[in-house]
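# A look at the structure
Spelled out from the first residue to the last, the chains are:
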Amino acid sequence: MLIKRKSIEAESNYRSGPSAAEKKRKPKFAPVTLSEHDGVRYLHFGTEWVQGAMRLRKPDWLELEYAQQMMCWMLFKDQPQHILQLGLGTGALTKFCYRHFPNAKVTAVDLNPAVIMICESMFKLPANDERLQVLEMDAMDFVCDPENHDQFDALQVDLYDATARGPVLDSTEFYQACFDCLKADGMLTVNLFGDHPSFAKNIKVLRYVFGTVLCLPEVHDGNVVAIAFKPRLKLDLDLLYSRAQQIQESSKLPAKKWVDGLTNTQH
């Protein structure tokens, strides 16, 4: 996740087709750095761009609005059994899912060992237990493993590096593997950049692979969260607003805004 990035690639050409990184990545990580301002701790990858945040007095709260939007699948699934997070960031989504769904298993995957370490030491990520599993591995390898297929109710994708050149993984092969990891009624949320050439490509591939794709309104400085459903569906607004009210009462997340946004930005 990156905020404040409108001009980071103003003079860069966006790559086309599957990246060499997707075929076989040789990890070369940017330095993991921290900053704090007004009671909020931020994660960076050696630049000013924000990769995640935690309010020190509320370590399990989703501080950034895009992260709140990544939980919009809660409108459609109130009792998930297994949640998958690709890209750990500050562990905000992983922690929230772990705390808010005490009967669910949560699996998080990140390639960078330094990110996992900093989440544990500086962002209050709990230790692995019978419900939580944080894995140091390539997200592509994880979703392509047949052992992980048909296992997850919800899959959250937030895969960025320090360069801000769109999602690190965004090929048809990757999204098809994500689709395969979901149960029959599963869904995926993904953090995209609405003002970047990668956005149109990702939406096109998501629509090709998934039954239904919706988007929430842009927040921060370009972040657009898309939600993709394995089956085709038609929105039941009365049911969604009722569910949104329940979510707001139980979690304080602005779920009514999600319903408003989904009805106005269908792709």
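Residues numbered from 1 in each chain as written. Predicted model: local features only at pLDDT ≥ 70, side-chain atom pairs only at ≥ 80, totals over all residues. Heavy atoms only, no water.

An unreviewed UniProt entry lists the protein chain under the name Methyltransferase domain-containing protein, from Undibacterium amnicola. Looking at the Sequence similarities (unreviewed entry) heading of the UniProt record, one finds this comment for the protein chain: "Belongs to the spermidine/spermine synthase family." (UniProt positions renumbered as here; feature names shortened; annotations may be inferred.)

Before going further, it helps to examine the environment of Val 219. Within the fold, Val 219 resides in the loop between strand S9 (212–215) and strand S10 (223–229). Overall, the relative accessible area of 9% leaves Val 219 in the buried class. Residues Val 219 and Phe 193 lie 26 residues apart in sequence; the distance between their C-alpha atoms is 9.8 Å. Not counting residues within four places of it along the chain, the set of residues in contact with Val 219 comprises Glu 65, Tyr 66 and Gln 69. (Helix = DSSP H or I, 4+ residues; strand = E, 2+ residues; numbered from the N terminus. Buried < 20%, exposed > 50% of the residue type's maximum accessible area, 1.4 Å probe, protein only. Contact = heavy atoms within 4.5 Å.)

Before going further, it helps to examine the pattern of salt bridges. Taken as a whole and assessed by the stated rule, the structure comprises ten salt bridges. Note that Glu 65 is salt-bridged to Lys 257, the shortest N-O span being 3.2 Å. Of this pair, Glu 65 sits in helix H2 (residues 65–69) while Lys 257 sits in helix H9 (residues 255–264), placing them 192 residues apart in sequence. In this structure Glu 65 comes out as partly exposed when scored by relative accessible area, which is 26%. With a closest N to O distance of 3.3 Å, Lys 201 and Asp 170 form a salt bridge. Here Asp 170 lies in the loop between strand S7 (152–157) and helix H6 (172–181) and Lys 201 lies in helix H7 (residues 197–209), a separation of 31 residues in the sequence. The network of salt bridges with common partners includes Lys 77, Asp 153, Lys 183 and Asp 185. (Salt bridge = Lys/Arg side-chain N within 4 Å of Asp/Glu carboxyl O.)

Attention shifts here to H7. Here H7 is 13 residues long and its end C-alpha atoms lie 19 Å apart, about the 18 Å a rise of 1.5 Å per residue gives. Lining the buried residues of H7 we find H6, strand S8 (182–193), S9 and S10. (Expected span 1.5 Å × (residues − 1).)

What follows covers the packing of aromatic side chains. Applying the stated criterion to the full structure yields six aromatic pairs. Judged by centre distance (4.7 Å) and plane angle (75 degrees), the rings of Phe 76 and Phe 229 are edge-to-face. Here Phe 76, found in the loop between H2 and strand S4 (82–86), pairs with Phe 229, found in strand S10; they are 153 residues apart in sequence, far enough to count as distant. When its relative accessible area of 25% is taken as the criterion, Phe 76 is described as partly exposed. Overall, the relative accessible area of 3% leaves Phe 229 in the buried class. A cation sits over an aromatic face here: Lys 230 above Phe 179, 4.7 Å from the ring centre. (Phe/Tyr/Trp six-rings, centres within 6.5 Å; stacked < 30°, edge-to-face > 60°. Lys NZ or Arg CZ within 6 Å of the ring centre and 35° of its normal.)

When you tally the buried positions in S8, you get ten out of twelve residues, the bulk of the element. Two strands pair when backbone bridges link them, and S8 and S10 are joined in this way by seven bridges, in the antiparallel orientation. In the strand pairing of S10, Leu 188 is matched with Ala 228. (Pairing = 2+ DSSP bridges.)

This brings us to the nonpolar core. Counting residues in hydrophobic clusters, the biggest one holds 52 residues, and the most contacted among them are Met 71, Trp 73, Leu 75 and Trp 258. At five residues, helix H3 (residues 92–100) tops the list of elements feeding residues into this core. If near-sequence neighbours (up to four positions away) are discounted, Trp 73 is found in contact with Pro 80, Ile 83, Cys 97, Phe 101, Ala 154, Gln 156, Met 187, Thr 189 and Ile 227. In terms of nonpolar packing, the next biggest core, distinct from the first, is built from 34 residues, Phe 142, Phe 152, Val 168 and Phe 179 among them. (Core = buried A, V, L, I, M, F, W, Y, C linked by side-chain atoms within 4.5 Å.)

By the element assignment, Asn 223 lies in strand S10. Residue classification places Asn 223 among the buried positions, given a relative accessible area of 0%. The spacing of Asn 223 and Ala 67 is 156 residues in sequence and 9.9 Å in space, taken between C-alpha atoms. Within the local environment of Asn 223, its side chain forms a polar contact with the side chain of Asn 191, the two groups lying 3.0 Å apart. (Polar contact = N/O pair within 3.5 Å; in protein donor to acceptor, adjacent residues only side chain to side chain.)

Before going further, it helps to spend a moment on unusual backbone geometry. Despite not being glycine, Lys 124 shows a phi value in the positive range, around 60 degrees. Structurally, the position occupied by Lys 124 is in the loop between helix H4 (113–122) and strand S6 (132–136). Phi at Lys 252 is positive, roughly 70 degrees, even though this residue is not glycine. Among the secondary structure elements, Lys 252 is positioned in the loop between helix H8 (237–251) and H9. Take Lys 252: its relative accessible area is 64%, and that puts it in the exposed class.

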